[in-house]
There are 2 protein chains.
Amino acid sequence: MFNKAVPIRTCSRWRKPEMQESVFAVIMAGGRGTRFWPLSRRDRPKQFLRVTPGGTLIQNTVARIEPVIPADRVLIVLGEDQRQLASQQLPDLPHTNFIVEPVGRNTAPAIGLASRVILERDPDAVMVVLPADHVIDDEDDFRQVLCAAATAASRSDVLVVLGIRPDRPETGYGYIRPGGLWEIEAGRQFLKVERFAEKPSREDAAAYVEQGDLWNSGMFIWRASAIRDRLRIHMPALHAALDDLFADRNGAGRARRLRDLYPRLEAVSIDYGVMEKAREVVVLPCEFGWNDVGSWSSLAALWQKDDSDNAVLGQATTVNSRGCVVHSGDRLVALVDMQNVIVIDTPDAVLICPTSSDQKVRDLVHLLAISSLDRHL
Amino acid sequence: MFNKAVPIRTCSRWRKPEMQESVFAVIMAGGRGTRFWPLSRRDRPKQFLRVTPGGTLIQNTVARIEPVIPADRVLIVLGEDQRQLASQQLPDLPHTNFIVEPVGRNTAPAIGLASRVILERDPDAVMVVLPADHVIDDEDDFRQVLCAAATAASRSDVLVVLGIRPDRPETGYGYIRPGGLWEIEAGRQFLKVERFAEKPSREDAAAYVEQGDLWNSGMFIWRASAIRDRLRIHMPALHAALDDLFADRNGAGRARRLRDLYPRLEAVSIDYGVMEKAREVVVLPCEFGWNDVGSWSSLAALWQKDDSDNAVLGQATTVNSRGCVVHSGDRLVALVDMQNVIVIDTPDAVLICPTSSDQKVRDLVHLLAISSLDRHL
């Protein structure tokens, strides 16, 4: 699956092939995915599930970039209890490419940590940060976008974020307001960022979409040294801790320090910690078809639908039912007279909720966590 | 469980203890119970399920009458493929007490057949016909009702039907309009029947309840010879067939004839075939608390409810859900924001439908029967 020769044709706009050796991917795989209970569990988060065609979400993410970033330059940031699963699912990745967080501390510490690992390998490296669980329609265009952004980033200290053109006033994403042109690379316009907005109210979301704002995809491209320098400015405590950590060249010693240090770091997102404050931040508007698989409804949007708008993955029989989402294994799920419900069937638990309530699955998981039913987590 | 001495105290109004030896029960257990899919299956109909406290519905039915009608005088009419299950669940019943129908032919042939079996044992026998799957609250009162009715029936050729005082305009039952007093026995008023009505429209049902009509419980008490004589008058073909069958005193020969004869009998209910036409039909109004367990909703009415009116048998977690009915085994059923739905979870299938659609489960079963999913029946 990995380590194939890079097929140049899949990246026709890649103008500086000599740069390829210095582009690394960092895949953020530490998420818990509680919104996908009962399919996702404590020890099997969403990114390790096979919920779309091909492999699991993380396998698909690695395979998607493989033509432009081969496996030996793909790093995975994840939790200790996900390491075994990740090794099984990504057998071609070198063991040293798994960066294990002792505890989750949001994206800024994870990205800071990865940037240092990369800088040790190549001080001039460009770093592509990708979530583990996104789905992308036009993968060829996506790779061309990465190539263009890496080329642009390699020439300066700019921080590039990929922006997605919204098709609805989604309240579950952050928004980016684009400003004037910064540069054109490989025919793509990189725009200055006027401002970031955190997940908005429905009203604000509608206004943002109206004004041409873009969704914040959580995909970033920059030189590893550029993000290191921005962390020094905007998150000096994190920067100092990483300096301290990487001063120790002994692997075992560093691992010990990491376990000691990491839990004391502030849990902050890279958006809040750096992007919203930094200068030289640009956005590249993209239209390769993006789905962040953030809820059962957004996942089901990728499945085939029957004549009554029911999306079924597995075995189901429906009578006079419409707009339902069913995921089942070997068992038969039978719906009679149901509208717009989600049914997720697993060997030890079944979830039933309206499609409009799919964000509330997290509440249920929290309820289970504090109850005697936590074996189902 | 069976064959205990009859405790006289449980039947204080039993005035003619000498009659006890001639009262037989006939339990109608041939039903398919498709309305309880996926818990009930082709080879495990409702009456063989443990869905209320105690044993299975048929075990509870036998245990309920045991203080007044011991096991050796309890006959079970059922299909060939239910015989093994019935033997397992009712190990104390003599094998000869199972009357096996080659095919289902509704209640008139079943009752006719049972009446002949009883007449061979005791020409003066009184026969109590009971469905296998009813639930009764006040079992002591129920037994006293049976005793009073058996006493009344033993003295004449009257056909007694137990009538239930309705608490709602149910469209799933037949109705009986009571007329003037026929007799008082053990302090209970037996009333002449003015007319029977089949399952009514909602409008008619409301009018019937308004007029004091009673539900037809499907429970009958009469002398075996009385029903034989009524069949002669009102269903002469069935009567002649039974005459022919019972002329053969050889067990094996009779069984062969039965297999040949039975499928050719007209499938008619005893209500339509006899009760609606016969003279000397009386109804005994009863108030012992009766539930015919005809649907998931009526069954769930017997279960404990939580503060949000959810009836759960098994393991379930509900978040902001109300009026739901859940039956599960080992698996966890989790409901978020659901109102008035039924969830029936079994090892190989799960049913989800609104409580108001529980009568449509039969449609689903028919759909499965003609599909490639008939292994789930």
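Not measured: the values here are computed from a predicted model. (Residues numbered from 1 in each chain as written. Chains lettered and ligands numbered in written order. Predicted model: local features only at pLDDT ≥ 70, side-chain atom pairs only at ≥ 80, totals over all residues. Heavy atoms only, no water.)

1. Details of the confidence of the model for chain A
Segments scoring low in pLDDT should not have their predicted coordinates read at a detailed level.
Residue and element names in this part refer to chain A.
Okay, step 1: In the predicted model, chain A carries a mean pLDDT of 90, and the fraction of residues at 70 or more is 94%.
Okay, step 2: Every residue in residues 1-19 scores below 50 in pLDDT, and together they form 44 contacts with partners more than four places removed in sequence or on other chains.
Okay, step 3: Quick note on the complex model: pTM equals 0.77, ipTM equals 0.76. (pLDDT = per-residue confidence, 0-100. Contact = heavy atoms within 4.5 Å.)

2. Some thoughts on the interface of chain B and chain A
Okay, step 1: Each partner contributes residues to the interface: chain B has 34 residues there, and chain A has 34 residues.
Okay, step 2: A buried area of about 2,700 Å², summed over both sides, lies between chain B and chain A, and 64% of it is on carbon and sulfur atoms.
Okay, step 3: Counting across the interface, chain B meets chain A through four salt bridges.
Okay, step 4: There are 20 residue pairs in polar contact (both at pLDDT 80 or more) connecting chain B and chain A.
Okay, step 5: No other element matches the six residues that strand β17 (residues 349-354) of chain B contributes to the side of chain B that touches chain A.
Okay, step 6: Here the residues of the side of chain B that touches chain A are counted per class, giving 21 nonpolar, seven polar and six charged.
Okay, step 7: Bridge count for strand β15 (residues 332-336) of chain A against β17(B) is four bridges, and the pairing is parallel. Bridge pairing links A:Leu332 to B:Ala349 in β17(B). (Buried area = accessible area lost by both parts, 1.4 Å probe. Salt bridge = Lys/Arg side-chain N within 4 Å of Asp/Glu carboxyl O. Polar contact = N/O pair within 3.5 Å; in protein donor to acceptor, adjacent residues only side chain to side chain. Helix = DSSP H or I, 4+ residues; strand = E, 2+ residues; numbered from the N terminus. Nonpolar A, V, L, I, M, F, W, Y, C, P; charged D, E, K, R; others polar. Pairing = 2+ DSSP bridges.)

3. Quick notes on the sheet that holds strand β17 (residues 349-354) of chain A
Within a sheet, neighbouring strands are paired by backbone hydrogen bonds and run either parallel or antiparallel to one another.
Okay, step 1: The sheet built from six strands is open, its strands ordered β12(A)-β14(A)-β16(A)-β17(A)-β15(B)-β13(B) with mixed pairing. Where the open sheet ends on each side, the last strands, each with one partner, are β12 (311-313) of chain A together with β13 (316-319) of chain B. Mean inter-strand twist for the sheet, computed between neighbouring axes without regard to direction, equals 5°.
Okay, step 2: In this structure, strand β14 (residues 325-327) of chain A lies alongside strand β16 (residues 341-345) of chain A, joined through three bridges in parallel fashion. By the bridge assignment, A:His327 is partnered in β16(A) with A:Ile344.
Okay, step 3: Sheet strands touched by helix α11 (residues 361-369) of chain A: β17 of chain A together with β13 and β15 (332-336) of chain B. Its angle to β13(B), the strand with the most contacts, is close to 130°. (Axes fitted to C-alpha atoms, helices over the stretch in contact; angles between N-to-C directions.)

4. Here's the deal with the sheet that holds β17(B)
Okay, step 1: An order of β13(A)-β15(A)-β17(B)-β16(B)-β14(B)-β12(B) is seen for the six strands of this open sheet, with the pairing classed as mixed. What marks the edges here is a single partner per strand, and that holds for β13 (316-319) of chain A together with β12 (311-313) of chain B. The average angle at which neighbouring strand axes cross in this sheet is 5°, direction not considered.
Okay, step 2: Set on the sheet, helix α11 (residues 361-369) of chain B makes contact with β13 and β15 of chain A together with β17 of chain B; between it and β13(A) the angle comes to about 130°.

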